[in-house]
Amino acid sequence: MDSAFDRIADIIAETGGVPREKITPESHVIDDLGIDSLDFLDIVFAIDKSFGIKVPVEAWTQEVNAGQAPPGQYFVMGNLVARIEELAAAKEGAGAKVAGG
Amino acid sequence: MRLEFFQMIDRVLAADAESLSAEARVPDASPVFEGHFPGYPLVPGVLLVETMAQASGFLLLRRSGFARMPFLASVREAKLRSFVGPGAALTVEARLVHEGSGYAVTAGRIEAGGKRVCDAELTLRVLDFPAPELEAAMRAQAERIGLDAAMAA
């Protein structure tokens, strides 16, 4: 299976109309890739579906707006991928707990 | 339906946490038909999309207990399959596809006489009410169309 980075980069390329080769771990999704808020919504929907998670965009945005987190923590590709991997792992862990009784 | 007031839903027929079904009767006369089209009145396709969006919006309003307001953000794969004219009795359906953080995706569909006339996938941003008047108006609209009664049934 493709890495999480490849899966997310493919989603952004397809949904946001960004050349795939332009997307690197250092790319800022909004500043560098030019993704606007509506495209970002579609991207989050595609990520939610692909990974079976609910990306907490509102909480992230609130943290950034309140100065509690730098924008790069969530919106630079490498960090975004890491956050999504954490969410997917947390979901798998929760599923395993349920499955294990 | 009161097209010129954007009141597209007449009455909620059934609703649960994931879906909503409502009826909407196209009026026999409306200023909208004077322009769309002279001598051949049709409900504009954008108003059919709006009708699906409103059904979706009421579904989401009820899900959140009227805590937040859904705003239409995108329309995908809208298909307007049949003409809809004055007097048509429509059944409008909205089904939750996905609830994300600050947005939701729904599948909308309208039927007339058991025949599908349009469908689309809609994305709605879900935001805090920007004005108390809007929340009050949405609650009043929901009461008008029997949303709570349908949910309780």
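Structure first, text after, so check above.
What you are looking at is a predicted structure, and each value in this text was computed from that prediction instead of being measured.

> I'd like to hear about the overall build of chain A, residue by residue, with values.
Within chain A, the regular secondary structure consists of 5 helices and 0 strands. For 101 residues, the compact-globule estimate of 2.2 N^0.38 gives 13 Å, and the C-alpha radius of gyration of chain A, at 14 Å, lies within 12% of that figure. Taken along the three principal axes of its C-alpha coordinates, chain A extends 45 × 35 × 20 Å. Counting all 101 residues of chain A, 39% fall into the buried class. Once local pairs closer than 6 in sequence are excluded, the contacts in chain A between residues at least 24 apart make up 50%. As displayed, chain A has an accessible area near 5400 Å², and 53% of this comes from carbon and sulfur atoms. Between the mean site of the 8 positive side-chain charges and the mean site of the 17 negative ones, chain A shows a separation of 7 Å.

> I'd like a description of the side chain of Ser56 of chain B, backed by residues and values.
Among the structural elements, Ser56 of chain B can be located in helix α2 (residues 45–63). The residues touching Ser56 of chain B, leaving out its near neighbours within four places in the chain, are Ala94, Thr106, Leu122 and Leu124 of chain B.

> For the pattern of salt bridges, give the residues involved together with the corresponding values.
Evaluated as defined, the whole model comprises 16 salt bridges over all chains. For the salt bridge of Glu99 of chain B with Arg63 of chain B, the shortest nitrogen-to-oxygen distance reads 2.9 Å. Of the two residues, Glu99 of chain B is situated in strand β4 (residues 89–99) and Arg63 of chain B in helix α2; the sequence distance between them amounts to 36 residues. Residue Glu99 of chain B is classed as partly exposed on the basis of its relative accessible area, which comes to 33%. Note that Glu121 of chain B is salt-bridged to Arg76 of chain B, the shortest N-O span being 2.9 Å. Of this pair, Glu121 of chain B sits in strand β6 (residues 115–128) while Arg76 of chain B sits in strand β3 (residues 68–80), and the two are 45 residues apart along the sequence. The exposure class of Glu121 of chain B is partly exposed, given its relative accessible area of 25%. Shared partners join several salt bridges into a network, and the residues in it are Asp6, Asp10 and Arg20 of chain A.

> Provide a residue-level description of helix α1 (residues 4–16) of chain A, including the pertinent values.
Since the α-helix packs 3.6 residues into each turn, any two residues three or four apart lie on the same face. Residues and elements named next belong to chain A. Across its 13 residues, α1 extends 17 Å between first and last C-alpha, which sits within 8% of the 18 Å expected from 1.5 Å per residue. Turning to α1, its buried residues are Ala4, Phe5, Ile8, Ala9, Ile11, Ile12 and Ala13. Just downstream of α1 lies Gly17, where phi reads positive at about 65°.

> Lay out the interface of chain A and chain B in plain terms, naming residues and giving numbers.
The partner chain B presents 16 residues to the 13 residues of chain A that form the contact. In total, chain A and chain B occlude about 1100 Å² of area from one another, counting both sides; carbon and sulfur atoms represent 55% of this. On the surface where chain A and chain B come into contact, there are 2 salt bridges. Of the charged contacts in the structure, one is a salt bridge between Glu58 of chain A and Arg68 of chain B, with a shortest N-O distance of 2.7 Å. Elements represented by at least two residues in the side of chain A that touches chain B include exactly α2 (37–51) and α3 (57–65) of chain A.

Calculation notes
Residues numbered from 1 in each chain as written. Chains lettered and ligands numbered in written order. Predicted model: local features only at pLDDT ≥ 70, side-chain atom pairs only at ≥ 80, totals over all residues. Heavy atoms only, no water. Helix = DSSP H or I, 4+ residues; strand = E, 2+ residues; numbered from the N terminus. Rg over C-alpha atoms; globule rule 2.2 N^0.38 Å. Buried < 20%, exposed > 50% of the residue type's maximum accessible area, 1.4 Å probe, protein only. Contact = heavy atoms within 4.5 Å. Areas by Shrake-Rupley, 256 points an atom, 1.4 Å probe, with all protein chains shown as cover. Lys, Arg positive; Asp, Glu negative; His and termini not counted. Charge placed at Lys NZ, Arg CZ, Asp CG, Glu CD. Salt bridge = Lys/Arg side-chain N within 4 Å of Asp/Glu carboxyl O. Expected span 1.5 Å × (residues − 1). Buried area = accessible area lost by both parts, 1.4 Å probe.

Fair warning: the whole summary comes from geometry, so function is off the table for now.
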